[in-house]
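The chain contents come next:
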Amino acid sequence: MWGRETRMGSFKRRGSKTGLAPGTLVHVGEKKVEKVEIRVLAYNSDKLIERELETIEECMEFKNLPHLNLWINVDGLDRIDIIEKLGSYFNIHPLTLEDVLNTGQRPKTEDYGSYIYTVLKMMLLDKEKKAIILDQVSIIIGPNYILSFQERHWDAFDPVRERFVNPASRLRKTGVDYLAYSLIDTVVDNYFSILEYFGDEIEDLEEGLVIQPRPETLKTIQKYKRDMITLRKAVWPLREMINGLQRIESDLIKETTRIYLRDVYDHTIQVIDSVEDFRDILSSMVDIYLSSVSYRMNDIMKVLTVIATIFIPLTFIAGVYGMNFKYMPELEWRWGYPAVMFGMTILGVSMFLYFKKRKWV
C-alpha cells in the first residue's frame with residue numbers, strides 16, 4: 001500500500017507541469033533538505049581548494065581560476081533559483097536543468113556538445129527501518145568542470161573527496177572525466193553493499209522458512225520482492241547509461257577514462273545478475289512457503305483422520321450398547337461393562353499399532 005501511494009504521489013507532482021512550456025523549471029519531487037548546500041572543489045596536481053559556499057554567486061570566482069578543474073556539488077533541489085543561476089553561469093540548456101529538477105528521471109546519458117549530462121539513482125539502505133532510500137543524482141561533465149546535483153546530503157561522495165588530499169592521486173592528475181567516473185563508480189559500489197545486506201537477509205529468511213514457516217515470513221518475502229523491483233528499475237537503465245557514456249563520441253571523455261567506464265559497466269552487469277538471482281530465489285521461497293504450509297496441513301489432517309478412524313468402531317460399539325433395548329444379554333451380565341470397555345481398548349490400540357506399522361502415523 002505504501003508503494004502504491006508513493007507512485008500516485010509522483011503522478012500528482014508530475015501533473016503540476018501540465019501545460020507548461022518545455023524547459024520550464026519546476027521542482028518535481030519532495031523537499032529533502034532544510035537548507036541547500038553548495039560545495040566547491042577546485043584542483044590540479046599542485047593545488048587544491050575546497051570550500052562550502054553561502055551563495056551561488058561565489059562560484060564565479062572559482063570558474064575563472066586558470067588551470068584548475070572545478071567540481072561544484074549542490075545538495076537539495078527545491079531552490080530553483082540556485083539551479084537556474086548555476087545553469088546560466090555554465091551555459092546549461094534549460095531542458096537539462098528541467099531534467100535535474102525532475103527527480104523521476106530514468107538513468108540516461110545525453111550529449112549536448114559543450115557538455116554531457118548523465119542522471120542515475122543513488123541507493124542507500126536504512127538498516128533500522130530495513131528500507132531502501134532512493135535519490136536522484138545528476139552529473140554534468142564540462143570541459144574543465146563537473147556539476148553534480150543531489151536531492152539531499154549523503155556521505156557517499158566523501159571518500160572521493162578524501163582522495164583529493166593526496167597530491168599523487170589519479171584524481172588530481174587527470175581531468176574531470178575521471179572524476180565523473182569516480183562518482184558513478186561510488187554509486188555502483190553502494191549497490192553492492194545493499195546486495196550484500198539483502199543476500200544475508202535472504203539466506204537467514206530461507207533457513208527460517210524451512211524450519212518453521214510463519215505468516216510474517218511471507219510478508220517479509222513480499223517486501224524483499226518489492227525491494228528487488230526497485231533495485232531492478234534503478235540498475236537496468238544504468239547499464240544503458242554507462243554504455244552510452246563509454247561509447248559517446250566526445251572529446252570530453254578521454255580514451256584513458258573509457259577503460260574505467262568499461263569496468264563500471266561490468267560491475268553493473270554483476271549487480272543486474274545478482275538482482276535477478278535474488279528475484280528468482282524469492283519467487284522460489286514463496287513456493288517453498290506454500291508447500292511447507294500445505295505439508296503441515298496434510299500432517300494435521302492425517303493425524304485427525306487417524307484419530308477419527310480409530311473412534312469410528314468405538315463409537316459404533318458405544319452406540320449399540322446405548323440403544324437401551326430391554327433384551328440384551330450383556331446388560332444383565334455382571335462383567336458386561338468391563339468386557340466391552342476392554343474390547344474397545346484392545347480394538348483402539350490394535351488399530352493404532354496397525355497404522356503405525358504401515359507408517360501412516
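None of these values were measured; they are calculated from a predicted model.

What counts, and at which threshold
Sequence positions are assigned chain by chain, starting from 1 and proceeding in written order. Residues qualify for local features only when their pLDDT is at least 70, as the model is predicted, and side-chain atom pairs are given and counted only at 80 or more; totals for whole chains, interfaces and linings, by contrast, use all residues. Hydrogens and waters are ignored; side-chain quantities use all the structure's heavy atoms. The helix and strand labels rest on DSSP assignments: H or I over at least four residues marks a helix, E over at least two residues marks a strand, and numbering proceeds from the N terminus. Contacts are assigned to residue pairs with any non-hydrogen atoms lying within 4.5 Å of each other. The protein chains shown are the only cover counted for residues, whose accessible areas, like all others here, come from Shrake-Rupley with a 1.4 Å probe. Residues counted as positive are Lys and Arg, residues counted as negative are Asp and Glu, and His and the chain ends are not counted. Note that the charge is assigned to NZ on lysines, CZ on arginines, CG on aspartates and CD on glutamates. Each residue is assigned to one of three classes by its accessible area relative to the maximum for its type, calculated with a 1.4 Å probe on protein chains only: buried under 20%, partly exposed between the two thresholds, exposed over 50%. Residue-level confidence of the predictor is summarised by pLDDT, bounded by 0 at the bottom and 100 at the top. When a carboxyl oxygen of Asp or Glu is within 4 Å of a side-chain nitrogen of Lys or Arg, the pair counts as a salt bridge. Any N or O atom pair separated by 3.5 Å or less is treated as a polar contact, with the protein-specific requirement of one donor-capable and one acceptor-capable atom, and with residues adjacent in sequence counted only for side-chain atom pairs. The criterion for strand pairing is that DSSP finds at least two bridges linking the strands in question. All axes here are fitted lines through C-alpha atoms, helices being fitted over the stretch that makes contact, and every angle between N-to-C directions spans 0 to 180 degrees. Our angle categories are set so that under 35 degrees counts as roughly parallel, over 145 as roughly antiparallel, 65 to 115 as roughly perpendicular, and the remainder as oblique. Here is the rule for handedness: rotate from the far helix to the near one, and if that takes an anticlockwise turn smaller than a right angle the crossing is left-handed, while a clockwise turn gives right-handed. Residue polarity is assigned by list, with Asp, Glu, Lys and Arg as charged and Ala, Val, Leu, Ile, Met, Phe, Trp, Tyr, Cys and Pro as nonpolar; anything else, Gly included, falls into the polar class. Patch members must show over 30% relative accessible area and no salt bridge, and they are joined within 9 Å when carrying like charges or within 5 Å when they are nonpolar side chains of Val, Leu, Ile, Met, Phe, Trp or Tyr. When the centres of two rings from Phe, Tyr and Trp lie within 6.5 Å, Trp using its six-membered ring, the rings pair. Their planes under 30 degrees apart give stacked, over 60 give edge-to-face, and anything left gives tilted. Residues grouped as a nonpolar core are buried Ala, Val, Leu, Ile, Met, Phe, Trp, Tyr and Cys residues, joined through side-chain atoms within 4.5 Å.

Peer 1: What is the right way to read the overall build of the chain from this model?
Peer 2: Secondary structure assignment for the chain yields eleven helices and seven strands. In the chain, 65% of the contacts between residues at least 6 apart in sequence involve partners at least 24 apart. In the form shown here, the chain has an accessible surface area of approximately 20,600 Å², with 56% of it arising from carbon and sulfur atoms. The averaged location of the 52 negative side-chain charges in the chain is 7 Å from the averaged location of its 48 positive side-chain charges.

Peer 1: When you look at unusual backbone geometry in this model, what are you seeing that I'm missing?
Peer 2: Residues other than glycine seldom take positive phi values, yet Asn-91 does so here, at roughly 55°. Structurally, Asn-91 can be placed in the loop between helix 3 (80–89) and helix 4 (94–101). With a relative accessible area of 62%, Asn-91 lands in the exposed category.

Peer 1: What is the right way to read the confidence of the model for the chain from this model?
Peer 2: Interpreting fine coordinate detail is not advised for predicted regions of low pLDDT. In the predicted model, the chain carries a mean pLDDT of 82, and 90% of its residues have values of at least 70. Across residues 1–12 the pLDDT falls below 50, and counting only partners more than four positions away or on other chains, this stretch makes zero contacts in the model.

Peer 1: Can you help me understand the side chain of Lys-121 in this one?
Peer 2: By secondary structure assignment, the location of Lys-121 is in strand 5 (residues 116–126). Comment: no salt bridge for buried Lys-121; closest opposite-charge side chain is Glu-151, at 5.7 Å. At 3.3 Å, the side chain of Lys-121 and the side chain of Gln-136 are in polar contact. Apart from residues no more than four positions distant in its own chain, Lys-121 is found in contact with Thr-103, Gly-104, Gln-105, Pro-107, Leu-134, Asp-135, Gln-136, Val-187, Tyr-191 and Ala-234.

Peer 1: Can you help me understand the sheet that holds strand 7 (residues 145–150) in this one?
Peer 2: What the seven strands build is an open sheet, ordered 2-1-3-7-6-5-4; its pairing is mixed. The outermost strands of the open sheet, each flanked by one partner alone, are strand 2 (48–53) and strand 4 (108–111). Here the average twist between neighbouring strands, direction ignored, is 15°. Here four bridges tie strand 4 to strand 5, and the two strands are oriented antiparallel to one another. Its bridge partner being in strand 5, Asp-111 is matched across the sheet by Ile-116.

Peer 1: Looking at this structure, how should I read the packing of helix 7 (residues 176–211) against helix 8 (residues 215–247)?
Peer 2: Axis angle and axis distance: for two packed helices, these are the angle between their axes and the distance between the axes, and together they describe the pair. Two elements in contact, helix 7 and helix 8, have axes separated by 11 Å at closest approach and are oriented at 155°. For the element pair helix 7 / helix 8, the angle class is roughly antiparallel. For helix 7 against helix 8, the interelement crossing comes out left-handed. On helix 8, the residues touching Ile-184, Val-188, Tyr-191, Ile-194, Leu-195, Phe-198, Glu-201, Ile-202, Leu-205 and Leu-209 of helix 7 are Thr-217, Thr-220, Ile-221, Tyr-224, Asp-227, Met-228, Leu-231, Ala-234, Val-235, Leu-238, Ile-242 and Leu-245. Grouping the amino acids of the contact of helix 7 with helix 8 by side-chain chemistry returns 18 nonpolar, two polar and two charged.

Peer 1: Can you help me understand the side chain of Asn-190 in this one?
Peer 2: Residue placement: Asn-190 occurs in helix 7. Residue classification places Asn-190 among the buried residues on the basis of a relative accessible area of 16%. Those residues within four positions of Asn-190 in sequence are excluded, and the remaining contacts are Met-122, Met-123, Leu-124 and Ala-156.

Peer 1: Explain the pattern of salt bridges to me, please; I cannot follow it from the model alone.
Peer 2: Oppositely charged side chains can pair when the atoms bearing their charge come close. Counted under the stated rule, the structure contains 15 salt bridges. With its nearest N and O atoms 3.1 Å apart, the salt bridge here joins Asp-227 to Lys-223. In this pair, Asp-227 and Lys-223 both sit in helix 8, four residues apart, roughly one turn of the helix. Residue classification places Asp-227 among the buried positions, given a relative accessible area of 10%. Among the charged side chains, a network of salt bridges with common partners joins Arg-39, Glu-50, Asp-158 and Arg-161.

Peer 1: I keep staring at a negative patch on the surface and nothing clicks. Help me out?
Peer 2: A grouping of Glu-196, Asp-200, Glu-203, Asp-204, Glu-206 and Glu-207 is seen on the molecular surface, where their side chains present a negatively charged patch. Structurally, the position occupied by Glu-206 is in helix 7.

Peer 1: Just checking my understanding: could you explain the packing of aromatic side chains for this structure?
Peer 2: The geometry of two aromatic rings is summed up by the distance between their centres and the angle between their planes. Per the counting criterion, the structure on display carries ten aromatic pairs. Judged by centre distance (6.4 Å) and plane angle (65°), the rings of Trp-71 and Phe-157 are edge-to-face. Separated by 86 residues along the polypeptide, Trp-71 in strand 3 (residues 69–75) and Phe-157 in the loop between strand 7 and helix 5 (158–163) bring together distant segments of the chain. As far as burial versus exposure is concerned, Trp-71 and Phe-157 are alike and both buried. Considering the side-chain rings of Trp-71 and Phe-164, the 6.4 Å spacing of their centres and the 35° angle between planes classify their relative orientation as tilted. Taken together, the residues span a long stretch of sequence, with Trp-71 in strand 3 and Phe-164 in the loop between helix 5 and helix 6 (170–173) at a distance of 93 residues. Exposure class is identical for Trp-71 and Phe-164. Each is buried. By way of ring pairs, the aromatic residues Tyr-43, Trp-71, Phe-157 and Phe-164 are connected into one cluster.

Peer 1: Looking at this model, I keep getting lost on the nonpolar core. Mind explaining?
Peer 2: Taken as a class, soluble globular proteins show a tendency for nonpolar side chains to be buried jointly. Trp-71, Ile-139, Ile-141, Ile-146, Leu-179, Tyr-191 and Leu-231 are the most contacted members of the largest nonpolar core, which totals 59 residues. Among the elements that take part in this core, helix 7 stands out by supplying 17 residues, more than any other. Counting 31 residues, the second-largest nonpolar core is a separate cluster that includes Leu-53, Leu-77, Ile-82 and Tyr-89.

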